[in-house]
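A look at the structure
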Amino acid sequence: MLVALAAGAPAVAATHTVTIVGMVFDPATVHAAPGDRIVWLNRDLVPHTASALDRSFESGRIDPGEQWSLVVTAAGAVDYRCAYHPTMQGRMEVR
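Residues numbered from 1 in each chain as written. Predicted model: local features only at pLDDT ≥ 70, side-chain atom pairs only at ≥ 80, totals over all residues. Heavy atoms only, no water.

1. Considerations on the packing of aromatic side chains
Considering all chains together, one arrives at six aromatic pairs under this definition. Between tryptophan 40 and tryptophan 68 the ring centres are 5.3 Å apart and the planes differ by 35 degrees, which places this aromatic pair in the tilted class. With tryptophan 40 in strand β4 (residues 37–42) and tryptophan 68 in strand β6 (residues 67–71), this pair connects stretches of sequence that are 28 residues apart. According to the relative accessible area criterion, tryptophan 40 is buried, its value standing at 0%. Every member of this aromatic cluster is reached through a ring pair, and the members are Phe25, Trp40, Phe57, Trp68 and Tyr80. (Phe/Tyr/Trp six-rings, centres within 6.5 Å; stacked < 30°, edge-to-face > 60°. Helix = DSSP H or I, 4+ residues; strand = E, 2+ residues; numbered from the N terminus. Buried < 20%, exposed > 50% of the residue type's maximum accessible area, 1.4 Å probe, protein only.)

2. Looking at the layout of surface pockets
Estimated volume of the largest pocket: approximately 170 Å³. At the level of elements, β6, β7 (76–81) and β8 (89–94) are the ones that each hand at least two residues to the lining of the largest pocket. Here the element with the most residues in the lining of the largest pocket is β7; it accounts for three residues. (1 Å grid on protein atoms, 1.4 Å probe; cavity = no way out; pocket = protein on both sides within 12 Å on 5 of 7 lines; lining within 4 Å. Points joined across faces, edges and corners; volume = space filled by probe spheres on them.)

3. Examining the sheet that holds strand β1 (residues 15–21)
Pairing is mixed across the open sheet formed by four strands, whose spatial order is β2-β1-β4-β6. Bordering the open sheet on either side are β2 (24–26) and β6, each of which pairs with just one other strand. On average, adjacent strands in this sheet sit at an angle of 20 degrees to one another, irrespective of strand direction. Pairing between β1 and β4: six bridges, direction parallel. Note that in β4 the partner of threonine 15 across the bridge is arginine 37. (Pairing = 2+ DSSP bridges. Axes fitted to C-alpha atoms, helices over the stretch in contact; angles between N-to-C directions.)

4. Some thoughts on the side chain of threonine 49
Mapping threonine 49 onto the fold places it in the loop between β4 and β5 (51–52). Note on threonine 49: relative accessible area 2%, which makes it buried. Side-chain polar atoms of threonine 49 contact the side chain of serine 51, separated by 2.8 Å. Here alanine 83 takes part through its backbone nitrogen, which lies 2.7 Å from a polar atom of the side chain of threonine 49. (Polar contact = N/O pair within 3.5 Å; in protein donor to acceptor, adjacent residues only side chain to side chain.)

5. Looking at the pairing of β7
For β5 and β7, the ladder comprises two bridges, and the chain directions are antiparallel. Each bridged residue has a counterpart across the sheet, and for serine 51 the counterpart in β7 is arginine 81. Pairing of β7 with β8, which is carried by six bridges, proceeds in the antiparallel orientation. Residue pairing across strands places valine 78 opposite methionine 92, the latter belonging to β8.

This is the structure:
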């Protein structure tokens with residue numbers, strides 16, 4: 001369903017959640033717009049990170065039951081991984 005915004009109406013920022021569970025980022029690719037917030041929520045049994053391969057962001061340690069968030073400011077795509085478990089990989093696409 002498409003929603004039309006009135007001319008001149010500001011866009012409302014959205015929040016997107018990436019759940020870390022079973023040693024994966026879910027969803028593996030998160031789609032967002034500039035101004036949106038992305039939250040990484042660790043539902044796993046061990047600590048993880050969300051570390052951009054281009055070093056544009058770094059969550060630091062996200063302990064089980066904890067979360068970390070980032071407000072995206074520009075369009076582009078960034079691949080990231082867990083610094084502790086490099087096979088855990090994700091992608092953030094901002095349009």
